[in-house]
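Working through the structure, step by step
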Amino acid sequence: MSDFRLHPQLAADCVVLGELPLCLVLLAKDGRYPWLILVPKRADIREIHRLDEAEQRQLMRESCALARLMETELAADKMNIAALGNMVPQLHLHHVARFTTDDAWPGPVWGRHPALPYPDPGAEAERWRRRLAGLEGFSAAE
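1. Details of the side chain of His 95
Secondary-structure assignment places His 95 in strand S5 (residues 93-98). Assessed through its relative accessible area of 0%, His 95 is described here as buried. Looking at His 95, its side chain comes within polar contact range of the main-chain oxygen of Leu 93, at 3.1 Å. Once residues within four sequence positions are removed from consideration, His 95 is found in contact with Pro 34, Trp 35, Leu 36, Leu 38, Ser 63, Leu 66, Ala 67, Met 70, Met 79, Asn 80 and Ile 81.

Take a look at the structure:
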């Protein structure tokens, strides 16, 4: 784990909100959609099946807990969860709360519209840190 480094593209496109036992929790810098990303803190992992079995189970626990939180807090119509990795090879799971009223519905959010910056990124990150504080094992980034 000591060799783990966040991929530069994820670092540029996201704000680190904190961490869970296995994953960093990131906020995508796109105010069009509520969009969080989990990144397992493991070096050189591209695929879920490359994690050991205990880490796979932990990733599923963290992903499901995050999806439940987002669905409940935001009253999402649908949660889109995906591990694509075509552009960024580091394993990461997107969690996007979708609404029938969002500007990409019912299509995917990827590449549909340019990212829309948050009016106040710091305030948005703090809102998410407060929401995430209820997740078991979450510690907020400084």
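2. Concerning the layout of surface pockets
If you add up the space inside the largest pocket, you get close to 550 Å³. Lining of the largest pocket is provided by 23 residues; of these, Asp 13, Trp 35, His 94, Trp 110 and Gly 111 occupy positions nearest its centre. Listed by contribution, the elements that provide at least two residues to the lining of the largest pocket are helix H1 (8-13) and strand S3 (35-40). Looking at the lining of the largest pocket residue by residue, the classes come out as 13 nonpolar, seven polar and three charged.

3. Focus: the sheet that holds strand S6 (residues 139-140)
If you walk across this open sheet you meet the six strands as S4-S5-S3-S2-S1-S6, and the pairing is antiparallel. In the strand order of this sheet, the two ends are held by strand S4 (78-82) and S6, each with one partner. Set on the sheet, helix H2 (residues 53-74) makes contact with strand S2 (23-28), S3, S4 and S5; between it and S5 the angle comes to about 20 degrees. Along the sheet, helix H3 (residues 121-132) makes contact with strand S1 (14-19), S2, S3 and S6, crossing S1 at roughly 25 degrees.

Procedures and definitions
- Residues numbered from 1 in each chain as written.
- Predicted model: local features only at pLDDT ≥ 70, side-chain atom pairs only at ≥ 80, totals over all residues.
- Heavy atoms only, no water.
- Helix = DSSP H or I, 4+ residues; strand = E, 2+ residues; numbered from the N terminus.
- Buried < 20%, exposed > 50% of the residue type's maximum accessible area, 1.4 Å probe, protein only.
- Polar contact = N/O pair within 3.5 Å; in protein donor to acceptor, adjacent residues only side chain to side chain.
- Contact = heavy atoms within 4.5 Å.
- 1 Å grid on protein atoms, 1.4 Å probe; cavity = no way out; pocket = protein on both sides within 12 Å on 5 of 7 lines; lining within 4 Å.
- Points joined across faces, edges and corners; volume = space filled by probe spheres on them.
- Nonpolar A, V, L, I, M, F, W, Y, C, P; charged D, E, K, R; others polar.
- Pairing = 2+ DSSP bridges.
- Axes fitted to C-alpha atoms, helices over the stretch in contact; angles between N-to-C directions.

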